[in-house]
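Tertiary structure, described
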Amino acid sequence: MVVEIVELEPKQTRYERYVEEITEDITNTVQEFGVQPILFVGSGLTKRYMEGPSWEELLGYLADKCSTIDKGLGFYKQSLGHPILIGQEFSKLYQDWAWAAGNNEFPKEMFGDNVNKHSYIKYKIAEFFKGIKPGAITGLQDAYQPEIEALAKIKPHAIITTNYDEMLEMIFPDHERIIGQQILRGQQVCIGELYKIHGCVTDHDSLVFTKDDYDEWQKKKKFLSAKLLTFFNEHPLIFIGYNAGDPNIKAILSDIDEALPEKGGVIPNVYILQWDPSLKDDSWPQRDKIIPTEEDRSVRVKMIVASDFGWVFDAFAANPALAHVNIKVLRALMARAYELVRSDIPKMKVEADFKMLNSAVESSESFAKLFGIANINDYSAASAYHPLSLTEVGKALGFKGWHSADALIYAVSQKKGVNIKKSDNRYHRADKVNKTVFHKYSADAIELLRKERDGEEYELDLGIPAEAK
C-alpha cells in the first residue's frame, strides 16, 4: 500500500527561501564559533533609527551654520572632492569664524592659546548630534521598536563604531564605553565594551573629522588592528549601517585580509547587512560581495540584503549561551578576576577548595555555575539525543560545513515527501530562541544523510525514541 503524503505547507516565495537559508547560515556560524558576535556599526543605523545625518548632510549643515563658508557645499565638492578634505577646509573656516563674527557661538574658555585649531568645528558637530538625540530610543520612530529590541538581544561580545552619537549607549546600556585614544591606553577587559574609535559627542576634541585627525589615527591604529584580528579569529562579525564601499570597511577588511591563510574564498564569519527597500517576493539577493581593500587587493564577505532588519538580528541573537547573562555583571566578574591575578594574589594568602575547583572545571556547565552564569546548554533528554549543529553533521559526513548536509536534507524531502526539519523527530529537534528557530540533529540524522549521499535505500522513521523524550 502506497501512502501519498500531501504537502500542506504554503509554498515559499523566493525571498522567504532566501531568508530561511541566510538565517540557517547565521545560526550555524554562531553555533560553530560558540561565542557572541562582534558588531561594527556605522552612521546608516543612526540614520535609520534617529534620522541622523549622512556625511554629506553633516557637511551641508556645517556649511549653512558658518557665515565664513560663503560658497555652497557644491563648490567645495567640486574643488576638493573628498569629504575628509572638505572637513579640513571647513575646520579652518570655522576657526576664522570663531575668532570673528561667530565669537558668541562658543564658550569663552575656547579662546585660549592651548585650544586645538580644530576644536571649533568639532564643538558644533557635537552640539548638532546632541540636538538630534531623542529623549527615549523609541520616541522618534516607533515602527523600528521591534528591530531595536531584537538588536539589543544579540548581547554582542563587543561593539565597534565610527559614530559620534550616543544611540548605541541607549540600546546597549551595560556595555562600557571606550572613546578614541583611550583604546590605546590601559587594559580592557575585552567583553561588553563599546569602542568609539572616531570619538564621541561627550568629548568634542575626541572626534576624528579632519584630514589631520585621520592621519594621526592611522599612525596609532596598530593596537586596534591587533584587537580586530583577535576578534576576527574568534567571533562572527557583522557590519551594520555601512555602505560596502565605505573607507572604514575597506581599512578593517584590509587588516583581516592580511591574516587570512587562504585567499580568494568567502570569509565564513564576516557579514555585511545592506538595506534594500525595493525587495519583493520574487527577489533573490546576492549572497556574497567582493570588496576592494588596500593595494589593489580584495576580499569576499557574506552579504545579507533586507528591508526589515529584525529577522537578521534575531538570527544573531539566537545563541542560548548568553541568553540570560547580564553583560555588565559578566564584565565586572572578568575585571575582578583580572585584578585578582594581576595584583591581589601576589599580596595575599589564598585559601582554595581544590576538590571543588577540580569538580567545577570538569564540565562547561559546572564551570558556568561556579561563576554564577546560567547553564550554557539545556541538558534535557531531548537535548542529549539531538546535540549536533548542522555544521557538525556536515563535518561528520566529510564536508567542510553545513551547506552540503542541508542539500542532502532537501534531497531526502524531494524523495520522501517529508522535510525532517519541519518537525521534532528522531533526526531533528527545533528550539526557539527569541524569534529564531535553532535546529539540532542526532546521530540518526548523520546515518540517514550518509545513506542519501551514498545512494543507499532507506526508510524514514519520524517517531521520537523514548530516550529522547
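What counts, and at which threshold
- Residues numbered from 1 in each chain as written.
- Predicted model: local features only at pLDDT ≥ 70, side-chain atom pairs only at ≥ 80, totals over all residues.
- Heavy atoms only, no water.
- Helix = DSSP H or I, 4+ residues; strand = E, 2+ residues; numbered from the N terminus.
- Buried < 20%, exposed > 50% of the residue type's maximum accessible area, 1.4 Å probe, protein only.
- Areas by Shrake-Rupley, 256 points an atom, 1.4 Å probe, with all protein chains shown as cover.
- Phe/Tyr/Trp six-rings, centres within 6.5 Å; stacked < 30°, edge-to-face > 60°.
- Lys NZ or Arg CZ within 6 Å of the ring centre and 35° of its normal.
- Salt bridge = Lys/Arg side-chain N within 4 Å of Asp/Glu carboxyl O.
- Axes fitted to C-alpha atoms, helices over the stretch in contact; angles between N-to-C directions.
- Parallel < 35°, antiparallel > 145°, perpendicular 65-115°, else oblique.
- Left-handed = near helix turned anticlockwise from the far one by under 90°.
- Contact = heavy atoms within 4.5 Å.
- Nonpolar A, V, L, I, M, F, W, Y, C, P; charged D, E, K, R; others polar.

Turning to the overall build of the protein, a few remarks are in order. What the protein contains, in helices and strands, is 19 helices and 10 strands. When each of the 469 residues of the protein is scored for burial, the buried share is 46%. Roughly 24100 Å² of accessible area belongs to the protein as shown, and the carbon and sulfur atoms make up 52% of that amount.

In this section: the packing of aromatic side chains. By the definition in use, this model includes 19 aromatic pairs. An aromatic cluster of three or more residues is present, and its members are Tyr94, Trp97, Trp99, Phe106, Phe111, Tyr120 and Tyr123. The ring of Tyr458 is capped by Lys416, whose NZ or CZ atom sits 5.0 Å from the centre of that ring.

Turning our attention to the pattern of salt bridges. Taken as a whole and assessed by the stated rule, the structure comprises 28 salt bridges. Across the pair Glu56 and Lys77 runs a salt bridge whose closest N-O atoms are separated by 3.0 Å. Here Glu56 is found in helix α3 (residues 55-65), whereas its partner Lys77 is found in helix α4 (residues 73-80), with 21 residues between them in sequence. Glu56 sits in the partly exposed class, given a relative accessible area of 45%. Taken together, the shared-partner salt bridges in this structure form one network comprising Arg17, Glu20, Glu21, Arg287 and Lys422.

Taken N-terminus to C-terminus, the directions of α3 and helix α5 (residues 83-98) make an angle of 20°; their axes are 11 Å apart at the nearest point. Judged on the interaxial angle alone, α5 and α3 are roughly parallel. Regarding α3 and α5, the two cross each other, and that crossing is left-handed. Contacts between α3 and α5 pair Trp55, Leu59, Leu62, Ala63 and Lys65 from the former with Pro83, Ile84, Ile86, Gly87, Phe90, Tyr94 and Trp97 from the latter. Its residues placed into classes, the contact of α3 with α5 shows 10 nonpolar, 1 polar and 1 charged.

Such coordinate-based values are descriptive only and should not be taken to indicate function.
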